[in-house]
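Fold and geometry: a report
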Amino acid sequence: MPLFLDVTLILGLLTTLTLAMPVDDYDKARMQMLQKDRSTHIGYKLTLSSDEKIVSDVMVKEKAKLIEESRQGHKEYFPSLSFYRSKPLIENTQVYKLIKKMPKGAALHLHDQAIASLDWLVKNVTYRDHLYMCVNKTTNTLQFKFHKEAPKSDSNCNWCSVKEKRSLATSAFEFDESIMRNISLLATDPLVTFPDVNSVWEKFMQYFGQVFNIIFYAPVFRDYFRQALIEFYDDNVQYIELRSLFDGVYDLDGTTHGRQKAFDIYQEVTKEFTKSHPDFIGAKFIMSGLRNSKESDILNEIKETMAMRESAPDFMLGYDLVGQEDPYNSLLHYRNELLYPSQTDPANPLPYFFHAGETNWQGTETDYNLIDAVLLNTTRIGHGYALIKHPTLVETIKNKGIAVEVNPISNQLLGLVKDLRNHAAVPLFANDIPVVISSDDPGTWEASPLSHDFYLAFMNMCGEDADLRALKQLAYNSIKYSAMNENEKANAMTLWESKWKDFIQQAVKDINSGKL
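Residues numbered from 1 in each chain as written. Predicted model: local features only at pLDDT ≥ 70, side-chain atom pairs only at ≥ 80, totals over all residues. Heavy atoms only, no water.

1. Overview of the sheet that holds strand β4 (residues 160-161)
Just so we agree on the cut-off: A pair of strands is labelled paired if DSSP reports no fewer than 2 bridges between them. Labels follow the DSSP assignment, with helices taken as runs of H or I lasting at least four residues and strands as runs of E lasting at least two, numbered in each case from the N terminus. Only heavy atoms matter for contacts: two residues are in contact if any of them lie within 4.5 Å across the pair. To define axes, lines are fitted to C-alpha atoms, for helices over the stretch in contact only, and angles between the resulting N-to-C directions are given on a 0 to 180 degree scale.
Taken together, the three strands give an open sheet; going across it, the order is β3-β2-β4, and neighbouring strands pair in antiparallel fashion. Edge positions in the sheet fall to β3 (141-146) and β4, since each has one partner strand and no second. Direction of pairing for strand β2 (residues 131-136) relative to β3: antiparallel, over a ladder of six bridges. Across the sheet, Leu131 pairs through a bridge with Phe146, a residue of β3. Taken strand by strand, helix α8 (residues 172-183) contacts β2 and β3, and its axis lies near 105° from that of β3.

2. Things to note about the state of the cysteines
The line we're drawing: For the purposes of this analysis, a disulfide is any pair of cysteine sulfur atoms at a distance within 2.5 Å.
Under the defined criterion, the tally for this structure stands at one disulfide. For Cys160, which is in no disulfide, the shortest distance to another cysteine sulfur is to Cys134 and amounts to 8.0 Å.

3. Some remarks on the environment of Phe458
Put simply, the rule is: Each residue is placed in one exposure class: buried if its accessible area under a 1.4 Å probe, protein chains only, is under 20% of its type's maximum, exposed if it is over 50%, and partly exposed if it falls in between.
Checked against the element boundaries, Phe458 lands in helix α19 (residues 451-461). Classification of Phe458 as buried rests on a relative accessible area of 0%. Separated by 54 residues in the primary sequence, Phe458 and Val404 have C-alpha atoms spaced 16 Å apart. Aside from chain neighbours lying at most four places away, what touches Phe458 is Met59, Lys63, Val95, Ala466, Asp467 and Leu471.

4. Some words on the confidence of the model for the chain
To keep things clear, this is the line we draw: Scored between 0 and 100, pLDDT is the confidence that the predictor attaches to each residue.
Scored by pLDDT, the chain comes out at a mean of 94, with 96% of its residues at no less than 70. Across residues 1-5, where pLDDT falls below 50, the model places one contact with residues more than four positions away in sequence or in other chains.

5. Examining the environment of Ala106
Residue position: Ala106 is located in strand β1 (residues 106-111). With 203 residues separating them in the primary sequence, Ala106 and Arg309 have C-alpha atoms 21 Å apart. When sequence neighbours within four positions are dropped, the list of residues in contact with Ala106 reads Val237, Tyr239, Ile437, Leu450 and Ser478.

6. Some thoughts on the sheet that holds strand β6 (residues 282-290)
Taken in spatial order, the four strands of this open sheet run β1-β5-β6-β7, and their pairing is parallel. Bordering the open sheet on either side are β1 and β7 (316-322), each of which pairs with just one other strand. The average angle at which neighbouring strand axes cross in this sheet is 25°, direction not considered. Bridge analysis of β6 against β7 gives six bridges, and the strand direction is parallel. Note that in β7 the partner of Ser288 across the bridge is Asp320. Relative to the sheet, helix α11 (residues 218-234) contacts β1, β5 (239-244) and β6, its axis offset from that of β5 by approximately 145°. Packing of helix α13 (residues 295-311) onto the sheet brings it into contact with β6 and β7, and relative to β7 it is tilted by some 165°.

7. Considerations on unusual backbone geometry
With omega at 0°, the peptide bond leading from Asp345 into Pro346 counts as cis. Backbone geometry at Asn377 places phi at a positive 65°, although glycine is not the residue there. The phi angle at Glu446 is positive, at roughly 55°, despite the residue not being glycine.

8. Quick look at the packing of aromatic side chains
Where we set the bar: Aromatic rings from Phe, Tyr and Trp, taking only the six-membered ring of Trp, are treated as a pair when their centres fall within 6.5 Å; an angle between ring planes under 30 degrees marks them as stacked, one over 60 as edge-to-face, and anything in between as tilted. Two conditions define a charge sitting above a ring: the NZ of Lys or the CZ of Arg must be within 6 Å of the ring centre, and it must be within 35 degrees of the ring normal.
Taken as a whole, this structure holds 27 aromatic pairs when the rule is applied. With 5.8 Å between their ring centres and 80° between their planes, Phe246 and Tyr266 make a pair best called edge-to-face. Taken together, the residues span a long stretch of sequence, with Phe246 in the loop between β5 and α12 (259-276) and Tyr266 in helix α12 at a distance of 20 residues. Ring geometry for Phe263 and Phe285: centres 6.1 Å apart, planes at 90°, overall edge-to-face. Of the two residues, Phe263 sits in helix α12 while Phe285 sits in strand β6, which places them 22 residues apart along the sequence. The exposure classification of Phe263 matches that of Phe285, with both residues buried. Taken together through their ring pairs, the aromatic side chains of Phe212, Phe216, Phe221, Phe225, Phe246, Phe263, Tyr266, Phe285 and Phe315 make up a single cluster. It is Arg166 that lies over the ring of Tyr127; its NZ or CZ is 3.6 Å from the centre. A cation over an aromatic ring shows up here: Lys303 above the ring of Tyr340, its NZ or CZ 5.2 Å from the ring centre.

Okay, structure coming up:
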């Protein structure tokens, strides 16, 4: 008998048995199946206190209302829209206001040129002396540079003082807004303006080119990082791990400094900030190389990272490769260089934190960066968007405790997914795979340091019935899968638990008093 007839017969028998099942038995079987399914969802194993449940119920009620109004009432579900459109709507919700106040633990996937707000850069740094600007006639983008006097102009770029240019404008506000819109990725809706991944990445990289000479002027560099720490602290983030090229810090006379100078400034500012903010755990750093670099440059960076890690093990964590994955070199391309630490005598256990699988292309070298990341013993995987297409790898990272750094807004605005309900990490949330939420480059898209990404993960990537436990687990994960040592993690968890208790108590008061 053909196989399909056997299957048809079996399905018919099952249908008959189901139809013959008493209603009570059916309901019991259904409940058991639901409970089994939910048992793998993120946060399910946690238990909420009575006060936590009060807070949780408020969040779930609002989420369910928005979902059901869209599912049954055909109302637009704004949390799934482009962040360009959803941002002002998100900020008026109870869920976001609670997440904003919630201690979120750590942000583990960040890039140093986009961690402080663009608003601060424009309204603070561009008011400083010795800053010059021009409009690049080829790209129609603003370029900036700190210099003792106006840099030499050419046919493509006519330099002028920002201070003088602002004084001649109709209003300082309008002048600042024009700068903001020229730099920001959110000047228009990226999902509408940029038809594909490559075009939005071109604009994305343009952002870094525009802010580079603002941020890496030595006095600003110090202030910029401190401002970033303030913003993350105010967003109730207790710790960050920061990827950096450690390159390009310069003085007013044009003198440039090597990586050690940038690293020293980062350490100094971190120590100063944690001393004045004892409830902030601190910051640690990951050296980043560019995926389009020569092999010899990557090897030199790895060696330099090893030396910096030896001299400052409390601050230097390891190494990564950054840049758009699809058009640039794979991890396999740099296999020999990346294996170098393991081949020294004695072997150097340099940790890696690889971006991998930030792609929609299956079966390509970019896709297989995930395999090489695992083989190279990566500590975490940055983005891992393609991971769900590889069940064996999913099981491997779960067994090895390799967390995936999920960056919802980044993945949406950089063209991987339009509707975050369809994000490739949703199955990871549903199957208790180690995940952490981060914000990648929040300054680029004018997002909060972490709260907007937490909100979008909660509203789009967890089910309608997912409650405060999911958010609590994400905060737990951020500490558990950080690169802090075990003693630091224990202290961080103690601090976080104290802050969580205070948050719940205040949230319950606000709910009972009608403030929420």
